[in-house]
Amino acid sequence: MKYKILLLLSMMISAISFAQVVNLSGTVKDEATGFPIMDVSVTTTDSGQEVFTDEEGNFYLENLSPEDRILISGLGYEVLEYQIGEESDVQINLKQEGVTTLNDVVVIGYGAQVKKEITGAVGVVDNSTIETLKPVKVEQALQGTVSGVNVTGQSGAPGSGFNINIRGIATNGVTAPTVIIDGFIGDMSTLNPSDIENITVLKDAQAAIYGTIGANGVILVTTKKGRKNKSTSFEYNAYYGVQETSRKLPLLNATEYALMLNESYANGGQDIPFPEIGNTLGAGTDWQDEVFSLAPIMSHDLNISGGGEKIAYVLSGSNLEQEGIVGEDKSGFNRNTARIALNVDLTERLTFSTNINYVNFNRRTLNENGLGSVLFNALNAPPTVPVYNDDGTFFLMPNTTGIGNEVINPLAQIANTYNQYTYRKFSGNLELNYDLFTGFDVTGRVGFNSANDDSRSFSPIVDYGGTKVFNNPRSSVTQFKSNFYDYTFDLFANYNKSFGNHDITVTAGTTFFRTWGDQLSATGFDVPNNSWDFADISLTTGVVDNIPNGAYNYDNRRLSYFGRLQYDFMGKYLLSAMIRRDESTLFAEGNRVEWFPSLTAGWIVSDEGFFGDDGFVNFLKLRGSWGQLGNDQVTGTFRSLLNGEGVYVIDGAITTGTAIGAIANENMKWETAEKLDFGLDMNFFNNRLSLVADYFIDIRKDLLINNIPISGIIGIGAPGSGAPTLNAGTVENRGFEFALNYKQNFADDWSISVGYNATFIENEVTEVNNSTGFMEGGAFGVGQPAPSRMEVGQPMGYFYGYQTDGIFQNQSEVDNHADQTGLGSVNVQPGDLRYVDQNGDGVINIDDRVYIGDPIPDATMGFNLQLNYKGIDFSSFVFASIGNDMVRNYERALSDINRLDYVLDRWHGAGTSNEVPRVTTGATNNYIFSDYYVEDASYARIQNVQLGYSFSERLLRNSFVQKLRIYAAVNNLYTFTKYKGYDPGASASSPIGAGIDYGFYPIPRTYMMGINVKF
């Protein structure tokens, strides 16, 4: 009986103990200063109960159990986890975050690794940087924030794309890095920036785990996930902004133009067009003011997240609307996104996760960056003519020899532009992870992209005057529809084991990737009512001999196997070895398989006994890497296709059909990148200052060069045909990069963060094995040779033209110089450009062309500053590009077009100028491609300046709002440059032909105000 009573009492005591309720009060202080910290989050891990410390650092939690754990996190401090136990009153000391937290986990591909142990060259952009920059597209957040990464815009137009190059340009083909979004291949440009948790950039052999898609570098995007045992929270972010052009070019006004034109006509021996200028002309028409306007931009996004004991979730949606600063509603971008992410514990060992994204965007565009674009016409149109006639119709530009048949009224051009592009895409992944036993887990994952787009472009009947090339006597509508699909299946296992001072992690798996799609396009004529409202092929009534249409389809696959061994000894000697085998259907059977090995190693010197601890250097790691990676992003083919154009005679009639296209090359194989890197990571001054530095060599072999010049006997000159693609080139990039970051909390409400990074690169083509020894690209003027080349001993896409040596000042200099009449004009006079006779043969001709510049910067730099004082925060980001050249190609070589005001410093007599040639209506050789048109486009741009205020938790305590921040910001505040054009940072996507300015759409300056709310 006693035994039963004692047992019952024991059970009752245990039950009481188990059900014990604890109330906890505490104070949070800075470990270094002893000051209390306000607005620190204190969250229970089980119930998700969250409170914030007051101005004295105090907090209070109720109804807890001794087994509960709490997470304490404050801005600028390391997160601390604390078990409650039996205590009811505690003091918690938080450590200030250093500039880098060595225990941060970084995604590295098919796994993750503690930052301290990473042996490759890796850059990370976190969510706070993205939120500060407020990019329209995610790519913009990489510019100036990661060393070794150069981001250039293709245009400032709404929705336009960006070029991303990691550690230089190493190929004449596709240079863009591979983007992996939560484990599957994706497109970063379609994401809502607010959905991103962080971005990791793999710059060296660390990317070899991705084999054939890793040569250009790999960008790993991790999206936001929910947290278990966290009550549902809502975050709303919005901003509204006004955009304006960031630059206007200094064109001549009407009076200056008329005076200059008079001089030009007089020099050409013609009657002057403005014999009585007086004060009647004034400033005239400012065509830039006419085409530029203020344009709104607006963004909203809502994020709902939370979780229970076994599930975590995120739901989000966003809307972005942006109008263009040129063309108003004729130029715009609208993007809508929706996303759901789930993480579920199905059992104690089996977890399921999924991340599904949807994006829909619409874009309207204008003719830009080319001969005849809207801005080209605005820059070249005479300021002496009006925009409108007296009756309100558009003024028609004269069709004279001096103005030509390309320059038209840009406002009329905008009014007659009609097009719309719509893109829809579902993407995401489904993943299962099973823990077989401690340290060993298996992951199966399917990632997919399913997209389709359609476009409609209407060309109305329009007359721009005379015989302008843009006159259109017959209306037409062109439409296309495309479908793009791909999926990736990954199956891999990770095994981690520690024994003694040894720790190993083994990763092995396989991945299968398939992509396929199709497109259909057609054009219809005679649109009813000559109206956009009726612009649909099904409504057109016109009959043509040959209906313009086109179609294509593709289906490519890749099967891969990979393995990685990570080993460390005593936590300070680090080694990682990777191997990947890829097999691709883009190549013939004999060349489909390739192996890509890599090796990385590191030594944490600061953990050695001899290193000491003097407080000056807190961490030192030396690392190195070597590896081979592949690139199969090519346009050539190993098989013959019927995609050429054939002309046949059938029953006595000429009939258009198909024929064999480009000549096949069965020996075509992968491009191979061999990457070598030596780096060091250092922390100083109690981890407040960090330095990451790398020296790298990237050699790209077997470049897949298209259109190799071969004999025309085999039919390469036929319509739709072409020369084969061969492995015929090598490019080498050598460089040095470093990043410095400093971060310190001076008090609980006062902190600073400063960052600076720089990259220096030398690019050289070392092999071009075709019949000419070079490849050409780009365009300059009308009918001139290609200005860009890929050639041994020079940078990729360098500018190839004539070198000038000032201006002829008198006839004696003309007579004593090499003969320039072979360049096209025999009328060489004082005031003309003097070209250098490079080979000394006394004649200036095509043999005297040389290197005159290149578009690749010698250095790129980024600087950022962030300050926090009480509830006020300030940030600024700056990017600089040094040594990149750009070709000025937006000026039409005609006598009566308008000009930039540098022409006021032209030569008009001996000694008046040695830089700008004379003006004349007569033929000259001043318009051929030379270094006169190549400018230093180095620049420094203030990308973002932002000032915000966060309301204290004390003020919000009695409301349903947990956090509230308002801010004002300016994007692209100012660009410091000597370049004459709109944007020194813009560039075409082609490596051979980049840096040629046809009239780039300027990047807008945006003034915005926004709000961030959490409740």
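Residues numbered from 1 in each chain as written. Predicted model: local features only at pLDDT ≥ 70, side-chain atom pairs only at ≥ 80, totals over all residues. Heavy atoms only, no water.

1. With respect to the nonpolar core
Consideration 1: Counting 56 residues, the largest nonpolar core has Trp287, Val291 and Val326 as the members making the most contacts within it.
Consideration 2: Of all the secondary-structure elements, those providing two or more residues to this core are α4 (287-291), α5 (374-380), α6 (410-415), β40 (833-835) and β44 (885-888).
Consideration 3: The element best represented in this core is α5, accounting for five residues.
Consideration 4: By size, the runner-up hydrophobic cluster in this structure holds 22 residues, among which are Leu133, Phe184, Ile196 and Phe877. (Core = buried A, V, L, I, M, F, W, Y, C linked by side-chain atoms within 4.5 Å. Buried < 20%, exposed > 50% of the residue type's maximum accessible area, 1.4 Å probe, protein only. Helix = DSSP H or I, 4+ residues; strand = E, 2+ residues; numbered from the N terminus.)

2. Focus: unusual backbone geometry
Consideration 1: The phi torsion at Lys134 lies on the positive side, around 50 degrees, for a residue other than glycine.
Consideration 2: You can see Lys134 is positioned in the loop between α2 (127-133) and β11 (149-153).
Consideration 3: Not every positive phi belongs to a glycine, and Arg167 is a case in point at roughly 55 degrees.
Consideration 4: Mapped onto the fold, Arg167 is located in the loop between β12 (162-166) and β13 (178-181).

3. Quick word on helix α3 (residues 254-267)
Consideration 1: The end-to-end C-alpha distance of α3, which contains 14 residues, comes to 20 Å, matching closely the 20 Å that a straight helix rising 1.5 Å per residue would cover.
Consideration 2: Among all positions of α3, only Ala254, Tyr257, Ala258, Met260, Leu261, Asn262, Glu263, Ser264 and Tyr265 are buried.
Consideration 3: Its side-chain oxygen 3.1 Å from the backbone nitrogen of Thr255, Asn253 forms the N-cap of α3.
Consideration 4: With its phi angle positive at about 75 degrees, Gly269 sits one or two positions after the end of α3. (Expected span 1.5 Å × (residues − 1). Polar contact = N/O pair within 3.5 Å; in protein donor to acceptor, adjacent residues only side chain to side chain.)

4. A few points about the UniProt feature "domain: TonB-dependent receptor plug" (unreviewed entry) in the chain
Consideration 1: Listed under "domain: TonB-dependent receptor plug" (unreviewed entry) in the UniProt record, and renumbered for this structure, are residues 115-218.
Consideration 2: Structurally, residues 115-218 comprises 7% helix and 28% strand, and the distance from its first C-alpha atom to its last is 18 Å. (UniProt positions renumbered as here; feature names shortened; annotations may be inferred.)

5. Description of the sheet that holds strand β45 (residues 934-936)
Consideration 1: Spatially, the three strands line up as an open sheet ordered β45-β44-β48, and their pairing is mixed. The sheet is open, and its two borders are formed by β45 and β48 (996-997), each paired with just one other strand.
Consideration 2: Direction of pairing for β44 relative to β45: antiparallel, over a ladder of three bridges. If you follow Val887 over to β45, its bridge partner there is Val934. (Pairing = 2+ DSSP bridges.)

6. Here's the deal with the pairing of strand β42 (residues 859-869)
Looking along a regular strand, one sees side chains alternate from face to face of the sheet.
Consideration 1: Here strand β35 (residues 750-768) runs beside β42; their pairing, made up of 11 bridges, is antiparallel. Looking at β42, one finds that Phe760 is bridged to Ala859.
Consideration 2: In the sheet, β42 pairs with strand β43 (residues 872-882) via 11 bridges, with the strands oriented antiparallel. Across the sheet, the residue bridging to Thr860 is Ser881, located in β43.
Consideration 3: If you look at the hairpin formed by β42 and β43, you'll find two residues sitting between the two strands, and Lys870 has a positive phi there, around 50 degrees.

7. Let's talk about the pattern of salt bridges
Consideration 1: Summed over the entire model, instances satisfying the criterion amount to 41 salt bridges.
Consideration 2: Residues Arg941 and Asp983 are paired through a salt bridge, measuring 2.7 Å at the closest nitrogen-oxygen approach. Remark: Asp983 occurs in the loop between β47 (963-977) and β48 and Arg941 occurs in strand β46 (residues 939-950); sequence separation between them is 42 residues. Side by side, Arg941 and Asp983 carry an identical accessibility label, which is buried. (Salt bridge = Lys/Arg side-chain N within 4 Å of Asp/Glu carboxyl O.)

8. Details of the pairing of strand β33 (residues 689-705)
Consideration 1: When strand β32 (residues 671-684) meets β33, the two strands line up antiparallel, connected through 13 bridges. Looking at β33, one finds that Leu676 is bridged to Ile697.
Consideration 2: From the end of β32 to the start of β33, which pair antiparallel, there are four residues, and Phe685 there has a positive phi angle of about 50 degrees.

9. Things to note about the confidence of the model for the chain
Consideration 1: When pLDDT is averaged along the chain, the result is 89, and 92% of the positions lie at 70 or above.
Consideration 2: Within the chain, helix α1 (residues 2-18) has the poorest average pLDDT of any element, 41, and strand β41 (residues 850-851) the best, 98. (pLDDT = per-residue confidence, 0-100.)

10. Some thoughts on the packing of aromatic side chains
Consideration 1: Evaluated as defined, the whole model comprises 40 aromatic pairs.
Consideration 2: Here the aromatic rings of Tyr418 and Phe458 are separated by 5.5 Å at their centres, their planes lie at 50 degrees, and the arrangement is tilted. Highlighted residues: Tyr418 in strand β22 (residues 418-437) and Phe458 in strand β23 (residues 440-459), separated in sequence by 40 residues.
Consideration 3: Judged by its relative accessible area of 25%, Tyr418 is partly exposed.
Consideration 4: On the accessibility criterion, Phe458 (3% relative accessible area) is buried.
Consideration 5: Chaining the aromatic ring pairs together yields one cluster made of Phe333, Phe361, Tyr421, Tyr423 and Phe480. (Phe/Tyr/Trp six-rings, centres within 6.5 Å; stacked < 30°, edge-to-face > 60°.)

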